[in-house]
Amino acid sequence: MPANTWSRHHILSLADFTTNEYDTVLKTAASFREVLSRRTKKVPTLQGQVVANLFFEPSTRTRSSFEIAAKRLSADTLNFASATSSMTKGETILDTAKTYLAMGTDIMVIRHQQAGVPQAIAQEMDNLGVKVSVLNAGDGQHEHPSQALLDLFTICTLLDINNPRLELLRGKKIAIIGDILHSRVARSNIWSLTAINAELHLAAPPTLLPKFFADYGQDRPGKLFLHWELESALENADFVMTLRLQKERMTAHLLPSLREYHHLFGITRSQLQLCNANVKVLHPGPVNRGVEISSDLMDDPEFSLIQNQVTSGVAVRMALLYLIGSGKTG
Ligand code: NCD
């Protein structure tokens, strides 16, 4: 395992991730994928360490995925859900984090509906001079690094199962379709998918894809294109990532109707004919069946990588916990 080359203490954003860091995550996740294929799917790597999942916002797959990843590494896990916690009695976020620190937490995995909360907790831990690492599991509309890394791992393992690496993306065309404005998944994926000379195409109605997204493509090795209609984004694409319409984050009526949206931007079999013959479809979940993607396509293993993404998520999160956690033992 290449942990001795790893120096990042917190994983908060992919904006400054290096090629080396991407490759280290991919390689480490590949070795954990192998562990997960064994009969005994557990290693003692983080034995004696405590991983606290602090989820201030609802989650199904990310929370469960981090929990099983920590357990497969033999860490002890604590799970916090804000609805059933002392936050309902007025405790602040930082005080909640300090409570978990006092219980001996080594790694905090944090999700919050407001951008910047994991960063603030990481800063507080650093100020206190403690060795606790913080992993951002999704903050508002800002970033969702572990999701983008598992998307990257899913794509790269499909291209070379034995040696997933960033280099494999070179020259590929990837399209991200849907509610980009509200998506932290899209923002993290923009960083990872432009980290090498690939083409990344974003497509959405103008209300969900403001022009400022072009700024994300500045000074990146990959090229970023914006489209306000679907067809040109899909033409010859190798991978198509669809995103959920995040109604809980919409403050205004940004779409005429869901039916209209599906008609113009929904991914269906016939739309995929514009793509490369071997095209694959991704979605971070949860899916609005029949809105951003047709229900039959979602379940078709010939095209859909959605279940592979969930499986990859465990190996990738094991890799992240291992890489930031292994410096703490001994
Ligand atoms: C995403 C999230 O929470 O940002 N889901 C996830 O983590 N798998 C995307 C979404 O909520 O649509």
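Residues numbered from 1 in each chain as written. Predicted model: local features only at pLDDT ≥ 70, side-chain atom pairs only at ≥ 80, totals over all residues. Heavy atoms only, no water.

1. Here we look at the overall build of the chain
- Within the chain, the secondary structure is distributed over 11 helices and nine strands.
- In terms of C-alpha radius of gyration, the chain reaches 19 Å, essentially the compact-globule figure of 20 Å for 330 residues.
- Taking the principal axes of its C-alpha atoms as reference, the chain extends roughly 55 × 45 × 40 Å.
- Out of the 330 residues in the chain, the part that is buried amounts to 57%.
- Within the chain, contacts between residues at least 6 apart in sequence are counted, and of these 79% link residues at least 24 apart.
- Where the 33 positive side-chain charges of the chain centre and where its 32 negative ones centre are 6 Å apart. (Helix = DSSP H or I, 4+ residues; strand = E, 2+ residues; numbered from the N terminus. Rg over C-alpha atoms; globule rule 2.2 N^0.38 Å. Buried < 20%, exposed > 50% of the residue type's maximum accessible area, 1.4 Å probe, protein only. Contact = heavy atoms within 4.5 Å. Lys, Arg positive; Asp, Glu negative; His and termini not counted. Charge placed at Lys NZ, Arg CZ, Asp CG, Glu CD.)

2. What about the sheet that holds strand β3 (residues 107–112)?
- Read across the sheet, four strands follow the order β2-β1-β3-β4 without closing on themselves; strand pairing throughout is parallel. The sheet is open, and its two borders are formed by β2 (76–81) and β4 (133–139), each paired with just one other strand. When strand polarity is set aside, the average angle formed by the axes of neighbouring strands in this sheet is 15 degrees.
- Sheet topology places β3 next to β4; five bridges connect them, and they run parallel. Looking at β4, one finds that I110 is bridged to N136. (Pairing = 2+ DSSP bridges. Axes fitted to C-alpha atoms, helices over the stretch in contact; angles between N-to-C directions.)

3. What to know about the sheet that holds strand β7 (residues 223–227)
- Read across the sheet, five strands follow the order β7-β6-β5-β8-β9 without closing on themselves; strand pairing throughout is parallel. Bordering the open sheet on either side are β7 and β9 (280–282), each of which pairs with just one other strand. Direction aside, the axes of adjacent strands within the sheet are offset by 20 degrees on average.
- In this sheet, strand β8 (residues 239–242) lies alongside strand β5 (residues 173–177) in parallel orientation, the contact comprising four bridges. Bridging from a neighbouring strand, A175 pairs with V240 of β8.
- Of the strands in this sheet, β5, β6 (199–203), β7 and β8 are in contact with helix α6 (residues 184–193), which crosses β6 at around 160 degrees.

4. What to know about the site of the ligand
- All residues adjacent to the ligand are R61, T62, R111, H144, Q147, R184, V185, R244, Q246, P284, G285 and P286.
- T62 places a polar side-chain atom, nitrogen or oxygen, 2.9 Å from an oxygen atom of the ligand.
- Contact distances for the ligand include 3.0 Å between a nitrogen atom and a backbone N or O atom of P284.
- Relative to its unbound accessible surface of 310 Å², the ligand loses 94% to contact with the protein.
- Of all the secondary-structure elements, those providing two or more residues to the shell around the ligand are α2 (61–72) and α6.
- Tallied by class, the residues present in the shell around the ligand amount to three nonpolar, five polar and four charged.
- Shared between two domains, the shell around the ligand takes at least three residues from each, and those domains are domain 1 (19–143 + 313–328) and domain 2 (145–310). (Near = heavy atom within 4 Å. Polar contact = N/O pair within 3.5 Å; in protein donor to acceptor, adjacent residues only side chain to side chain. Areas by Shrake-Rupley, 256 points an atom, 1.4 Å probe, with all protein chains shown as cover. Nonpolar A, V, L, I, M, F, W, Y, C, P; charged D, E, K, R; others polar. Domains from an automatic or database assignment.)

5. Structural notes on the side chain of H201
- Relative to the assigned elements, H201 resides in strand β6.
- A polar side-chain atom of H201 sits 2.7 Å from a polar atom in the side chain of E199.
- Setting aside chain neighbours within four positions, we find H201 in contact with K173, I174, A175, I176, F225, H227 and A233.

6. Digging into the domain arrangement of the chain
- The assigned domain composition of the chain is domain 1 (19–143 + 313–328) and domain 2 (145–310).
- Summarising the inter-unit geometry, the C-alpha centres of domain 1 and domain 2 are found 26 Å apart.
- In this complex, domain 1 contributes 25 residues to the contact, which on the side of domain 2 involves 28 residues.
- Regarding the contact of domain 1 and domain 2, the summed buried area is about 2,300 Å², with carbon and sulfur atoms giving 59% of it.
- Of all residues in domain 1, the largest losses of buried area upon contact with domain 2 belong to Y22, L26 and Q141, amounting jointly to 31% of the total for that side.
- Connecting domain 1 to domain 2 are one salt bridge. (Buried area = accessible area lost by both parts, 1.4 Å probe. Salt bridge = Lys/Arg side-chain N within 4 Å of Asp/Glu carboxyl O.)

7. A look at the packing of aromatic side chains
- Summed over the entire model, instances satisfying the criterion amount to nine aromatic pairs.
- Ring centres of W6 and F17 lie 6.1 Å apart, and the angle between their planes is 65 degrees; on these two criteria the pair is classed as edge-to-face. Linking W6 in the segment before α1 (19–36) with F17 in the segment before α1, this pair joins segments that are 11 residues apart in sequence.
- Between the aromatic rings of W191 and Y216, the centroid separation amounts to 5.6 Å while the plane-to-plane angle is 55 degrees, which identifies the pairing as tilted. (Phe/Tyr/Trp six-rings, centres within 6.5 Å; stacked < 30°, edge-to-face > 60°.)

8. Observations concerning unusual backbone geometry
- Cis rather than trans, the peptide bond between G285 and P286 has omega equal to -10 degrees.
- Structurally, P286 can be placed in the loop between β9 and α10 (295–298).
- Of note in this structure, N236 is not a glycine but carries a positive phi near 60 degrees.
- Its place among the elements puts N236 in the loop between α7 (231–234) and β8.
- Using a relative accessible area of 54% as the deciding quantity, one classes N236 as exposed.

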